[in-house]
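Given next are the chains, with one letter for each unit.
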Amino acid sequence: MTGAGAESLAEMLDERQHLLEIALWMFGSEVTADHIVQETYRRWYALGDEDRAGIAVPRAWLTRVAGSICLELLATPGGVWHPVPSAAPPAGDPVRRPEPTPGLAQLQARSRQAMRAGHDRVVRRFAAACDAGDPAGLRAVLARDVLVVSDGGGKLRAAVHPTYGADAVARFVTALLTGRPATEVAVGSVNGRAGLVLRRAGRAVAVVSVSVAGAEVTAVWIVLNPDKLERWHRP
């Protein structure tokens, strides 16, 4: 790869892990998550070269597509996954994997650390705006085509369909996550990365996972289902 679209191996590995975490968070199944990520990349490579070149932030595009596939699967009767078959390598022509490059693991670790630090900074800006109930501050940290998905699990009233666009998402998040008396907004570990945990009297009332590309939030995943919040309660 060359030019502006080039990515390091560490960035590509981090990107795939990021997509796996989204799918795993939605379904709790590593097998299903792997199928979802495979389908996400299949759709990426199904685009024409000009279409791919026109995508300014591929990670944000992939995040949105993975989220859409999750929603498609949730809407499928029985939630059955029907993967698109991929071509198998010709018989007698095994897939050859390159030998590991000395020092690559160290490079990957440093790159992941830098990415996580950048992710944390964006999440803390997002958390501060939520805690302050500041729609303008939220819009400033949201990507123009950001989406938000909430899961109430049928246990409380929550949005059924995702919300798109910085203005709409800022209004949605402000209304949902702010202005609640005696509710603490804290940055905590959510699926191994910085996210938001909202608690009232020590009990979690919402957990927010945030997808980030560059300095912007590209997707917000909000768990409101009480059955999924128990492990975030404080003693």
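A brief structural summary. As the structure is a computational prediction, the values presented were derived from the model and not from experiment.

1. Description of the environment of Arg139
Here is step 1: Tracing the backbone shows Arg139 in helix α6 (residues 135-141).
Here is step 2: Using a relative accessible area of 35% as the deciding quantity, one classes Arg139 as partly exposed.

2. Quick word on the pairing of strand β5 (residues 203-213)
Here is step 1: Counting buried positions along β5 yields 9 of 11 residues, so the element is predominantly enclosed.
Here is step 2: Relative to β5, strand β4 (residues 193-200) runs antiparallel, the two sharing 5 bridges. Its bridge partner being in β5, Arg200 is matched across the sheet by Arg203.
Here is step 3: In this antiparallel pair of consecutive strands, β4 and β5, the connection spans 2 residues, and Ala201 shows a positive phi of 55°.
Here is step 4: For β5 and strand β6 (residues 216-223), the ladder comprises 7 bridges, and the chain directions are antiparallel. Across the sheet, the residue bridging to Val208 is Ile222, located in β6.

3. So, the side chain of Thr174
Here is step 1: Relative to the elements of secondary structure, Thr174 occurs in helix α7 (residues 166-177).
Here is step 2: Given the relative accessible area of 15%, Thr174 is considered buried.
Here is step 3: In contact with Thr174, not counting residues within four places along its chain, are Gly133, Pro135 and Leu138.

4. So, helix α2 (residues 30-46)
Residues spaced three or four apart along an α-helix point in a common direction, a consequence of the helix completing one turn every 3.6 residues.
Here is step 1: With 17 residues, α2 extends 24 Å from end C-alpha to end C-alpha; this agrees with the ideal 24 Å at 1.5 Å per step.
Here is step 2: All of the buried residues in α2 are Thr32, Ala33, Ile36, Val37, Glu39, Thr40, Tyr41 and Trp44.

5. Topic: the pattern of salt bridges
Here is step 1: In this structure the tally under the stated criterion is 9 salt bridges.
Here is step 2: Measuring nitrogen to oxygen at the nearest pair gives 2.8 Å for the salt bridge that ties Glu39 to Arg43. Of this pair, Glu39 and Arg43 both sit in helix α2, separated by 4 residues, roughly a single helical turn.
Here is step 3: Among the ionic pairs, Arg234 bridges to Glu184, the shortest N-O distance being 3.0 Å. Here the residue Arg234 occupies a position in the segment after β6, and Glu184 occupies one in strand β3 (residues 183-190), the gap between them amounting to 50 residues.
Here is step 4: Judged by relative accessible area, Arg234 falls into the partly exposed class, the value being 43%.
Here is step 5: By relative accessible area, Glu184 is classed as partly exposed at 32%.
Here is step 6: Shared partners join several salt bridges into a network, and the residues in it are Glu39, Arg42, Arg43 and Glu72.

6. Comments concerning the packing of aromatic side chains
Here is step 1: Overall, the coordinates contain 2 aromatic pairs when judged by the stated rule.
Here is step 2: Between Trp25 and Trp221, the aromatic rings sit 6.1 Å apart at their centres with planes inclined by 65°, giving edge-to-face as the arrangement. Of this pair, Trp25 sits in helix α1 (residues 9-27) while Trp221 sits in strand β6; the two residues are 196 residues apart in sequence, bridging distant segments of the chain. You'll find Trp25 and Trp221 in the same group, each marked buried.
Here is step 3: Judged by centre distance (5.4 Å) and plane angle (65°), the rings of Trp44 and Trp61 are edge-to-face.

Scoring rules and cut-offs
Throughout, residues of each chain are indexed from 1 in the direction in which the sequence is written. Reporting in this predicted model follows two pLDDT cut-offs: at least 70 for local features of residues, and 80 or more for side-chain atom pairs to be given and counted; totals over whole chains, interfaces and linings ignore these cut-offs and use all residues. Water and hydrogen atoms were dropped before computing side-chain values, which therefore reflect all heavy atoms in the structure. Strands are runs of DSSP state E lasting at least 2 residues, helices are runs of H or I lasting at least 4, and numbering of each runs from the N terminus. Relative accessibility decides the category of a residue: with a 1.4 Å probe and only protein chains considered, values under 20% of the type maximum give buried, values over 50% give exposed, and everything between is partly exposed. One requirement defines pairing of two strands: DSSP has to find at least two bridges between them. Between two residues, a contact is recorded if the distance between any of their heavy atoms is within 4.5 Å. A helix is expected to reach a length of 1.5 Å times the quantity of its residues less one. Criterion for a salt bridge: a side-chain nitrogen of Lys or Arg within 4 Å of a carboxyl oxygen of Asp or Glu. Whether two aromatic rings pair depends on their centres lying within 6.5 Å, for rings of Phe, Tyr and Trp, where Trp uses its six-membered ring; planes under 30 degrees apart make the pair stacked, over 60 edge-to-face, and the rest tilted.

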